[in-house]
Amino acid sequence: MSLLRLENVSKTYITGDLRVDALKSVNLEIEEGYFYAIIGKSGSGKSTLLHILGALDRPTEGKLFLEGESVFEKTDKEITILRRRRIGFVFQSYNLLPEHTVLENILMPAHLDGKKPDENRLKEIISALDIEDKLAYYPDELSGGQRQRVAIARALITNPAIILADEPTGNLDEKTGQEVIDLIKESAQKFNQTIILVTHDMDIAKQADRIIQIVDGRIGN
Amino acid sequence: MLRKIALSGMKGRKKDTFILSFVVGLSFVFTILATIFHASSEGTKLEQRTAMFGSWDAAYLNTNKEIVEKIREKDEVEKLGVSRILGNSPYLGVIGTINDDLMDLGNFTMYEGRMPEKDNEIALELNRLSYFSSDIKVGDTIPVEIVIPIYEREWYEAAREQVIRVIPEIEERFGFKNILYQMNNFGIWAREYYEKDRMGELTAYDRYPTDWFSYIYYGFANSYRRNVNSLEQFGDTKLVIKTSYVQMFIPDSYGGYRFSPYTIPDVEGTELPEDPPEELTDGSIDPKELSMISQKGHITRNMVVTGIIQNYSNLWDVGDEPLPNAFVTEEAGKSFIENGFLLTEEIDVSDFKTYDNVFIDSSISSQDFYNKYGEEFENLRRNTYAYPETSGSTESTLTYGILAAIFIATVFAVFQIYLTQTRRRTRRIALLKSIGAVNSQIRSVLLWEVVYLLLFTLPISLVIGFGLSKAVILFVNKYGNTVLNLHIDYMLTLFGIGLGILSVFLGMLAPMVMSMKVPLTGTISTPPRKKPIIKGKLKTKPVNLNMKVQSFRRISLRNLKYNKGKTLLTASLYTIATAVLLGSIFLSFIFFGDYIDNVIVKDKPSYGFELNHALTNRSIPKLLEALYENEGVTRVELYKAGEHAYLWHENINDNEIYASFREILPSKLIEEHFGIDDTKYVNLDDDNSHLVGDAIVTNIYTIDVEDPLYRRFEDSLSLGEMDKEKFKTGEEVILLLPLYEKGEGEGSIDEISEDILVNTNQKNRMEVLLRNSNKYKLTYDFRYGDLYSKDETLSVGDTIYLTIPTEDMAGELPTNDVRFIETKLAGIIYYFPEKGIWPFGDTVENPVVIGSYNFLGKAYPATIFGKGYLTIEDLDYLIASLYPHKYGKTYAYIYVDKDANEIDVDVSIKRVAREYEVKLTNYIEENKKIFGKSLNMTAIVTLLGISVAIITLIILYNTTLSKLEQERERIGILQALGVTEGQFKGLYLLSGIGYGLLALIISHLLLGLAVLITFISGRPQPLYLYPWKLHVLASIVVFIVITMTYFMPLRKIIRNQPIDNIRNLGR
């Protein structure tokens, strides 16, 4: 059984008289344990696809199945809890909470679930991401790369089944970006997680196990 | 181009532009409303003052033509109203001429018709109508009689002169001796004798005078006058010179009365001839040989009534000088005087002069004119009623307060909205900069936005503002029973608008500066934290990996702390809105308190009658019938009163209030309130002297048991029951004993200032002095029923003893005895439930006896007979000299339907008042003034409260909205991390409740401070009378509004998908 499955998913944005079909009848299956890269030009719908996969957005039509269960038929609360426990996000602009320290940011998803994560797991994550000495810092005291590592750590802390990364290297230089990709891959392998990463950079996409090409709202390859 | 950018930008941000326009427009509307209301209020007051008191600046009264011309020559004199005083008329009062300038300056309001224009026309004051026995209408021809006094003296002076002239002649001619001897009399003593007696200045010589005039029977003075009239006609003018002489009237020993200066007096000790002298005939004598009492010229002309003028003469600021009650033209004046009176051949009138009243309108202010010419014209007087010295009123201060509040609120609102917009527009601004726009161009775009905003909102606000002003004025006029005319003070309104425009520019100043600092990267950098973290320090600080679980609440609290400034601003704004709203209630309570206390709670009537004697039981229905004849009269409450009775009961010496009062009373006034000199009364002995010596002076008010007033007292009883029969017969009475609260005062007589004392009378003195010395507060107000104490020295069923000076005479001397009345106490009234019973709620007497007419008759027998054949003037004299309380008093309180025709009712009541010769008090104007002022103030305060509260709430809603806009990203992130909708709702609801509670607590602390200030300043407000229910309701409403204002904007945001909220940044 596929981990994630999209069935005839369409997403349309309407602004006044303007109608934009971001996704058109997309069917897609994501299998567990693989590193997927979704590639497409700007405006092709790749981020929209990712957001729907992560239940951060609702499709106009179609369904999303996570481990066989239809996600959008659940209540908002159920979807939120599902997202909290099963999906980790890494955004292009990090989206860390500036009033919380690095450690607090990392632990937040677990704490929101009312749980304390396993200390060993935490050590493992922060060690893997090389941010042990930054835990007391605040996000605006870190560089871009460091912030992205914190974001990755936060995404990993609840041991989600899926990591969704939306252009995680978009705000980083090439070297740092590559480091981030390496980290993501390493973490995925280590913790046996499925990664779906959106990028417009073919070089990054080539490092994935599978590439999903999206053109004009439809899956190409 | 920049203008186009600005305009298209505003069109593109429709919602933001709408909110901004709404706030700015609203502030202009309220500004215009406040300024117009203020100008209308002040303008109407000036109109009303000049309408009531004339628009003249200064006056010179009782002057001559020379002075008039001197005044006319002054440069500043623009108009000169001149009224020549012709004389008095029995029905019309003072008659004077009127010129055109006086017609302008007088602002006379015609009740009907017009002012006279021809020499046979007259207009009279409305209050003169009641002097006529039949209705006078415009168009009627009436005889106008002007009486010019030529000579006048007291009749007894004339009599004395005659006696002195005639008696020696009688003695010489007829051989009577010792005519000047004491006469027997039982009437009224001559004035000067009894003046001396009252003052205790009679001498032995006075008691046995040689001047027999002092003992002449005074009875009917007119009967002693010989009137001689002459008649002359000058065209339409008839002149009668009436001369009055005194002719002595003495009963003679030959049985009969003779009118003759030579009539033989029947006096003991007078030697009479055996036969009457031949010259003693029927008493015909040439009057000119008699002594003249008075001589008057009566000039009469028939004139047409052209108009009835609304009363003015009792209103103008002219001191005691009489003003014309009727006006004729200057030509008519000449017909009366030059072509009438001065043509008489009967007497020499060459020295006769009339006097003028002059009213001046000057080109400079009233005060300036007076300052300039006050010395030169010594008797010049300023029209202080129309142009009072003090300008500026509480309303003015409040209006400026409103403008200031609106100004501040608008600056905040505009600042806050523009700030939000600026943050949202950073990308666009960055874009403009990236394509080459310099800061001055960015600035221009923003300034043009403000210009367009103002161009759009101002005209609409002006229209709405003026429209709303008109509506508010209509409302106040309809429900406030006032007349407010629309006035626009253009300078003030322009000032307000200017202030509004300034507030908009000030509000957008800071955001504009921020806009110019937007970097090309398109984000406004986060302002640095106040306490930058030192990296080095934290680096080495150990971190606890096993930290405590952060609940969503803790996470949110961290956010609040992180945004302390915004949190504080939000809390402050909520507090301001709450404080202003609750403050409005408090201020309204204070302003209306005056009306509630003085009119409603005391059941204040429209008119009061006071008669100097008790009417007979047969006269009362006639009086009532006369009053009720006018349909506007809804209720009349009448008392027959007996005053200055000594009240004693067994426990009277335990009454601490009386004891305290006695301590602080000046010694010269003790006798008015306490029986001190029990040796004064001849029938007091050791057994009963305490009935006066230990007594308190009280007044007895009696009622008709069949009247509804009886029922009102019965329903008001705090203790006991009234048995109608026993009450009627006088077996029982009830007492009014006021509630009291003991104060801290250790006041002594020295602390009671003369100013306070001079405004007291026998009835209110106890309450006033005890209050001012802070010893006791006394009241009949029901609102203190559970708060104050009650007099426990008396119980229902107790016997009370009333001792009343009989004021009888035995021959020439007062009997100095008293009458003893015993009665049972059937009931006690400590306070009046709900509405008071006038006048007791107003003048707190202690104690007051309420009894029946029969009871009064027992206590004051003379009251049974009314005034008999005495005139009111006779009675006044008797009361002043001999019998201050014997004849009792009558008090009637008249209530008028508020929808009745005021003028009709007024004329009819005044007619009755004149017929019964009562002292009339008009409470209507007082009541109206208090209500009108209260409503005006309340309207202004409410306006203030509503305007500031609305603007503040708009700011708050927008603040919350923009705060949430700024937090959307954070909300989106938290949604992505797994915070549910329920958790967000719970948090924001709690926050709203927190802000609401905080606002309420701080507002109440501020209000408490305001109340404390009123206490410290010596004007404490009776908080237990505060409308707490309204206050609680308002607090609840405000609390709910605050909570919802904070909570509602969230709902939309949390319904968005997480990614929509995250994407919001930099949109």
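Computed from a prediction, not measured in an experiment: that's the story for all the values here. (Residues numbered from 1 in each chain as written. Chains lettered and ligands numbered in written order. Predicted model: local features only at pLDDT ≥ 70, side-chain atom pairs only at ≥ 80, totals over all residues. Heavy atoms only, no water.)

### Points about the overall build of chain A
For chain A, the helix and strand inventory stands at 7 helices and 10 strands. The buried share of chain A, taken over its 221 residues, is 58%. Total accessible area computed for chain A in this model is approximately 9300 Å², and 42% of it derives from carbon and sulfur atoms. (Helix = DSSP H or I, 4+ residues; strand = E, 2+ residues; numbered from the N terminus. Buried < 20%, exposed > 50% of the residue type's maximum accessible area, 1.4 Å probe, protein only. Areas by Shrake-Rupley, 256 points an atom, 1.4 Å probe, with all protein chains shown as cover.)

### Quick look at the interface of chain A and chain B
On the side of chain B, 36 residues touch chain A, which itself brings 41 residues to the contact. Note on chain A versus chain B: buried area summed over both sides is about 3600 Å², and carbon and sulfur give 62% of it. Put simply, chain A and chain B have 2 salt bridges between them. For Arg970(B), the salt bridge identified is with Glu99(A), shortest N-O distance 2.9 Å. (Contact = heavy atoms within 4.5 Å. Buried area = accessible area lost by both parts, 1.4 Å probe. Salt bridge = Lys/Arg side-chain N within 4 Å of Asp/Glu carboxyl O.)

### Examining the packing of helix H3 (residues 102-112) of chain A against helix H5 (residues 144-156) of chain A
Working note: a packed helix pair is described by the angle between its axes plus the distance between those axes. Residue and element names in this part refer to chain A. In the contact formed by H3 and H5, the axes pass within 7 Å of each other and the chain directions differ by 30 degrees. As the angle between them shows, H3 and H5 are arranged roughly parallel. The two elements H3 and H5 cross, and the hand of that crossing is right-handed. Across the interface between the two elements, Val102, Asn105, Ile106 and Pro109 from H3 touch Val150, Ala153 and Arg154 from H5. Looking at side-chain class alone, the contact of H3 with H5 contains 5 nonpolar, 1 polar and 1 charged residues. (Axes fitted to C-alpha atoms, helices over the stretch in contact; angles between N-to-C directions. Parallel < 35°, antiparallel > 145°, perpendicular 65-115°, else oblique. Left-handed = near helix turned anticlockwise from the far one by under 90°. Nonpolar A, V, L, I, M, F, W, Y, C, P; charged D, E, K, R; others polar.)

### Here's the deal with helix H13 (residues 490-516) of chain B
Here H13(B) is 27 residues long and its end C-alpha atoms lie 38 Å apart, about the 39 Å a rise of 1.5 Å per residue gives. Taken as a whole, H13(B) carries its principal kink of about 35 degrees at Leu509(B); the proline Pro511(B) stands between one and four residues after it. (Expected span 1.5 Å × (residues − 1). Bend = angle between axes of the 7 residues up to and from the residue.)

### A closer look at the side chain of Glu99(A)
By the element assignment, Glu99(A) lies in the loop between strand E6 (87-90) and H3. Look at Glu99(A) and you get buried, because its relative accessible area is 2%. Residues contacting Glu99(A), with those up to four places away along its chain left out, are Glu104(A), Tyr138(A), Arg558(B), Asn559(B), Tyr562(B) and Arg970(B).

### Here's the deal with a positive patch on the surface
All names here are of chain B. Positive charge collects at one region of the surface, where Lys548, Arg554, Lys561 and Lys564 lie side by side. Here Arg554 shows up in helix H15 (residues 552-562). Note on Arg554: relative accessible area 39%, which makes it partly exposed. (Patch = residues over 30% accessible without salt bridge, like charges linked within 9 Å, V, L, I, M, F, W, Y side chains within 5 Å. Lys, Arg positive; Asp, Glu negative; His and termini not counted. Charge placed at Lys NZ, Arg CZ, Asp CG, Glu CD.)

### Focus on the sheet that holds strand E9 (residues 210-215) of chain A
Hydrogen bonding along the main chain pairs the strands of a sheet, whether they run parallel or antiparallel. All names here are of chain A. Across the sheet, 6 strands lie side by side as E6-E7-E8-E3-E9-E10; this open sheet has mixed pairing. A strand with exactly one partner marks an edge of an open sheet, and here the two such strands are E6 and strand E10 (218-219). Two elements, strand E3 (residues 35-39) and strand E8 (residues 194-199), share 5 bridges in a ladder whose sense is parallel. Within E8, the position partnered with Ala37 by the bridge is Leu197. In the packing of helix H6 (residues 174-191) onto the sheet, contacts are made with E3 and E8, and the angle to E8 comes to roughly 160 degrees. (Pairing = 2+ DSSP bridges.)

### Some remarks on the pattern of salt bridges
Counted by the stated rule, this structure contains 46 salt bridges over all chains. A salt bridge links Glu663(B) to Lys775(B); the shortest N-O distance between them is 3.3 Å. On the criterion of sequence distance, the pair formed by Glu663(B) in helix H18 (residues 656-664) and Lys775(B) in the loop between helix H24 (765-772) and strand E21 (776-779) is long-range, its members being 112 residues apart. Lys775(B) sits in the buried class, given a relative accessible area of 11%. Several salt bridges share partner residues, and in doing so they unite Arg84(A), Arg85(A), Asp113(A) and Lys115(A) into one network.

### Some points on a negative patch on the surface
Residue and element names in this part refer to chain B. Together, Asp100, Asp119, Asp236, Glu330 and Glu331 make up a negatively charged patch on the protein surface. Relative to the elements of secondary structure, Glu330 occurs in helix H8 (residues 330-336). Glu330 gets classed as partly exposed once you look at its relative accessible area, which sits at 38%.

### Digging into the environment of Ser556(B)
Residues and elements named next belong to chain B. Here Ser556 is to be found in helix H15. Sequence separation between Ser556 and Tyr988 is 432 residues; the distance between their C-alpha atoms is 9.7 Å. The contacts of Ser556, once residues within four sequence positions are left out, are Arg970 and Leu987. A polar side-chain atom of Ser556 sits 2.8 Å from the main-chain carbonyl oxygen of Phe552. (Polar contact = N/O pair within 3.5 Å; in protein donor to acceptor, adjacent residues only side chain to side chain.)

### Overview of the sheet that holds strand E1 (residues 4-15) of chain A
Residues and elements named next belong to chain A. With respect to topology, 4 strands assemble into an open sheet ordered E2-E1-E4-E5, the strand pairing being antiparallel. The open sheet has two edge strands with one neighbour each: strand E2 (18-30) and strand E5 (69-70). Where E1 lies against E2, 9 bridges are found, and the strand directions are antiparallel. Bridging from a neighbouring strand, Thr12 pairs with Asp21 of E2. Set on the sheet, helix H1 (residues 46-53) makes contact with E1, E2 and strand E4 (61-66); between it and E1 the angle comes to about 125 degrees.

### A look at the packing of aromatic side chains
Aromatic ring pairs: the centre-centre distance and the angle between the two ring planes describe each pair. Residues and elements named next belong to chain B. On inspection of all chains with the given rule, the structure shows 35 aromatic pairs over all chains. Pairing Tyr740 with Tyr776 gives two aromatic rings, centres 5.7 Å apart and planes at 70 degrees, and the pair type is edge-to-face. Of this pair, Tyr740 sits in strand E20 (residues 739-742) while Tyr776 sits in strand E21, and the two are 36 residues apart along the sequence. Judged on exposure class, the residue Tyr740 and its partner Tyr776 are both buried. Taken together, the ring pairs connect Trp56, Phe108, Tyr312, Trp316, Phe327 and Phe359 into an aromatic cluster. Positioned over the ring face of Tyr895 is Arg635, at 3.6 Å from the centre of the ring. One cation-aromatic arrangement involves Arg662 over Phe674; the distance from NZ or CZ to the ring centre is 4.8 Å. (Phe/Tyr/Trp six-rings, centres within 6.5 Å; stacked < 30°, edge-to-face > 60°. Lys NZ or Arg CZ within 6 Å of the ring centre and 35° of its normal.)

### Quick word on the packing of helix H1 (residues 2-12) of chain B against helix H12 (residues 439-479) of chain B
All names here are of chain B. H12 packs onto H1 with a crossing angle of 60 degrees between their chain directions and a minimal axis gap of 8 Å. In this view, H1 runs oblique relative to H12, as classed from their interaxial angle. Pair H1 / H12 crosses with right-handed handedness. Where H1 abuts H12, its residues Leu2, Arg3, Ile5, Ala6, Leu7 and Met10 lie against Gln441, Ser444, Val445, Trp448, Glu449, Tyr452 and Leu453. Tallied by class, the residues present in the contact of H1 with H12 amount to 9 nonpolar, 2 polar and 2 charged.

### Regarding the pairing of strand E25 (residues 818-829) of chain B
Residues and elements named next belong to chain B. Counting buried residues along E25, 9 of its 12 residues qualify, which places the element largely inside the surrounding structure. Where strand E18 (residues 719-720) and E25 come together, 2 bridges link them in antiparallel fashion. Within the sheet, the bridge partner assigned to Leu719 lies in E25 and is Ile828. As judged from the 5 bridges shared by strand E19 (residues 732-736) and E25, these two strands associate in the parallel manner. Residue pairing across strands places Val733 opposite Leu825, the latter belonging to E25. When strand E22 (residues 799-805) meets E25, the two strands line up antiparallel, connected through 7 bridges. From the neighbouring strand, Leu802 faces E25, where its bridge partner is Ile821.

### Digging into the nonpolar core
Burial of nonpolar side chains together is a common tendency in soluble globular proteins. Tyr639(B), Phe713(B), Leu736(B), Leu802(B), Phe840(B) and Ile850(B) are the most contacted members of the largest nonpolar core, which has 77 residues in total. Every residue in contact with Leu736(B), bar those within four places of it in the chain, is listed here: Phe713(B), Tyr780(B), Ile829(B), Phe832(B), Phe840(B), Asn846(B), Pro847(B), Val848(B) and Ile850(B). (Core = buried A, V, L, I, M, F, W, Y, C linked by side-chain atoms within 4.5 Å.)

Just geometry here; none of it tells us what the structure is for.
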